[in-house]
Amino acid sequence: MVNARGEVTVHARQSQPHPVEKSRALQRGLYRAAKRSGSRRFHALFDRVVRPDILWRAWIEVRANRGCPGVDGVSIEEIDRQGAAAYLEELAADLKAGRYRPQPVLRVEIPKPDGRLRPLGIPTVRDRIAQQALKLVTEPLFEANFLPCSYGYRPKRSAGQAMQAVKRAMIRGRYVVDADIVGYFDNVDHRILMELVGRRVSDRRILKLIRQWLHAGVIVHGQRHRTHRGVPQGGVISPLLANIYLHTLDRWWQERHQRVGLLHRYCDDFVIVCRGREAAQQTRDLVAGFLGRLKLTLHSEKTRVVDLNSEGFDFLGFHFHKLPSRRTGRLWPYAWPSQKAMQTVRSKIRAHTGRSRLYVEWSVLREALNRIIRGWRTYFQQGNATKKLADLDRYVRRRLWCFFRKRRGQRGGLTSLAFVEWERRSGLMSFYPTRRYDLQPCMPQDERGRKAV
C-alpha cells in the first residue's frame, strides 16, 4: 500500500511490499493495446516479467494456491521461513542473467471416480513462481483475442456461466455433439503451440522460457523422461497454453460454421448444440477434420450425437436433458448433478464417516464435511438440483446416524428424537437448507439426561 507521503508500505494481510494495483495497471495497459490491434506482436515483455512487483504478486498467488513441493523438495513453508524477498531476488537475477533452468516436473497419479488414474505434474515452487509471473504479463495479450464461447481457466469466467449458456442454446437446439479429445494435455504439439504463441509474442526470451518448460521432462518413479509433446497438467502456465491451442478451434468455428451449431468450450471439454441431426453429424465430421490439423483425435466412443428429446449428456459435472415443463408442458432444458458427480461426493462423505473415523472429534469432522458441502452446493446450486441436493442431505443424515450409533455402541441410548435435536444444533451445513438452524455446536441431552451423541 502507499501512504500519504507516497511511500510503499507492507500490506497487513499478505506481507505485500509492492502495490498490487501497479501490476494490474500493467495488465490493463497490455490488454488495451492488444485489443486495439488483433495482429500486433509484443516484443518487450521479459523486463516486465522480472519486475519486483510482478514476481512478488506471482509469489503471493502461488502461496495462496498452496500445493506440494516439486522434485527439489523445497516447500512454500520453507521459502516463507527463509525469506521470500531474498528468494525472489535470486530468481530475478537468474532470469536476467540467463542462468535459470527449469527442473523436471514430478509426475503423480490421481485416482479418478471411474477407477482410472489421471497424471498430474507438480513443478517446483521456483518454476511455479516464474510461470505465474509470465502468465500475469502474457495472459492479457491472449485474453484480448479469446472468444466468448471459451470459459475454462479465464478471468471472470466460470463453469457456471458455461452451464447457463448451454441451457440457453438447448432451448432452440435439439441435437448436441458431445465431444471428447483423446489425451488432450498429453498430445499438444510443441511446434504448433509455439507458432501460435509467436503470433502474439515476439520476445525471444519469453519464447525461450516457454520452450524450456515444455521440454523440461518429467520424473516418473524416480526416472526422468523427456517430453516431446504435451503440456503438464498441474503447471501454472498449462491452462493458458491449452486455451491458446484450442482458440484456433473457437475462431475457425465462429468464422466458418457458426450457423451449423453453437460451440461452448471449457478448456478441452466442449459441446456443440445443433438444430438438426444432419447438422450434428456434419459438425462431428468437421470438428474431427480440424482437430486432425492440430494433431489431436476425437474419441470415437465417447464423442456422440445426442438427441435431447430422448436422452441427455454430461458436461462439467452437470447432466443436461430436455423434459416437459410443469408450467407449459413444452420440452425445456434442465441441468442437475450428473451420476458421476453424485458418486464422487458420496464417496467423500463415506470416507469421512467410516469406521476409521469413529474417534475423530466432532468439531474436526464437522469442518471436513462442511467444506465438502459448501463447495459442492456453491457449484451445483445454479442448476435444477433441488432433488439431488435433498437426496444428499438424507444420505449425510443416514451416514451420521449409523456413525454415532457405532461410536456409542448398542447400549449408547441414542434415540431418533435426540439425534434430530442434535442435528439441529450441530453446526453442520445442508446441501439444500430448508430452515435456519442454530449454528452453535451443542451436544443435546436425551430424555434420561445423558448426552445423545
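All figures in this text were calculated on a predicted structure; none of them were measured in a lab.

**Q** Talk me through the sheet that holds strand S9 (residues 313–315); I want residue IDs and the actual numbers.
**A** Across a sheet, paired strands are connected by hydrogen bonds in the backbone, their directions being either parallel or antiparallel. Here we have three strands laid out as an open sheet, ordered S9-S10-S11, and antiparallel in their pairing. Of all strands in the sheet, those with a lone pairing partner are S9 and strand S11 (331–337), marking the two edges. Sheet twist, expressed as the average angle between the axes of neighbouring strands with direction ignored, equals 35°. Taken together, the three bridges between S9 and strand S10 (residues 318–324) define a ladder with antiparallel strand orientation. In the sheet register, Asp-314 faces S10, and the bridge partner there is His-319. Along the sheet face, helix H7 (residues 159–170) touches S9, S10 and S11 and points at about 30° away from the line of S10.

**Q** How would you explain the packing of helix H3 (residues 52–65) against helix H6 (residues 125–143) if you had to name every residue and give the values?
**A** In the contact formed by H3 and H6, the axes pass within 8 Å of each other and the chain directions differ by 120°. One finds that H3 runs oblique with respect to H6. When the axes of H3 and H6 are compared, the crossing they make is right-handed. Along the contact surface, H3 presents Ile-54, Leu-55, Arg-57, Ala-58, Trp-59, Glu-61 and Val-62, while H6 presents Val-125, Arg-128, Ile-129, Gln-132, Ala-133, Leu-136 and Val-137. Of the residues belonging to the contact of H3 with H6, the class tally is 10 nonpolar, one polar and three charged.

**Q** So what's going on with the environment of Ala-242? Which residues, and what values?
**A** Along the chain, Ala-242 falls in helix H11 (residues 238–256). We classify Ala-242 as buried; its relative accessible area is 1%. The spatial distance from the C-alpha of Ala-242 to the C-alpha of Asp-268 is 7.7 Å, given a sequence separation of 26 residues.

The rules behind these values
Residues numbered from 1 in each chain as written. Predicted model: local features only at pLDDT ≥ 70, side-chain atom pairs only at ≥ 80, totals over all residues. Heavy atoms only, no water. Pairing = 2+ DSSP bridges. Helix = DSSP H or I, 4+ residues; strand = E, 2+ residues; numbered from the N terminus. Axes fitted to C-alpha atoms, helices over the stretch in contact; angles between N-to-C directions. Contact = heavy atoms within 4.5 Å. Parallel < 35°, antiparallel > 145°, perpendicular 65-115°, else oblique. Left-handed = near helix turned anticlockwise from the far one by under 90°. Nonpolar A, V, L, I, M, F, W, Y, C, P; charged D, E, K, R; others polar. Buried < 20%, exposed > 50% of the residue type's maximum accessible area, 1.4 Å probe, protein only.

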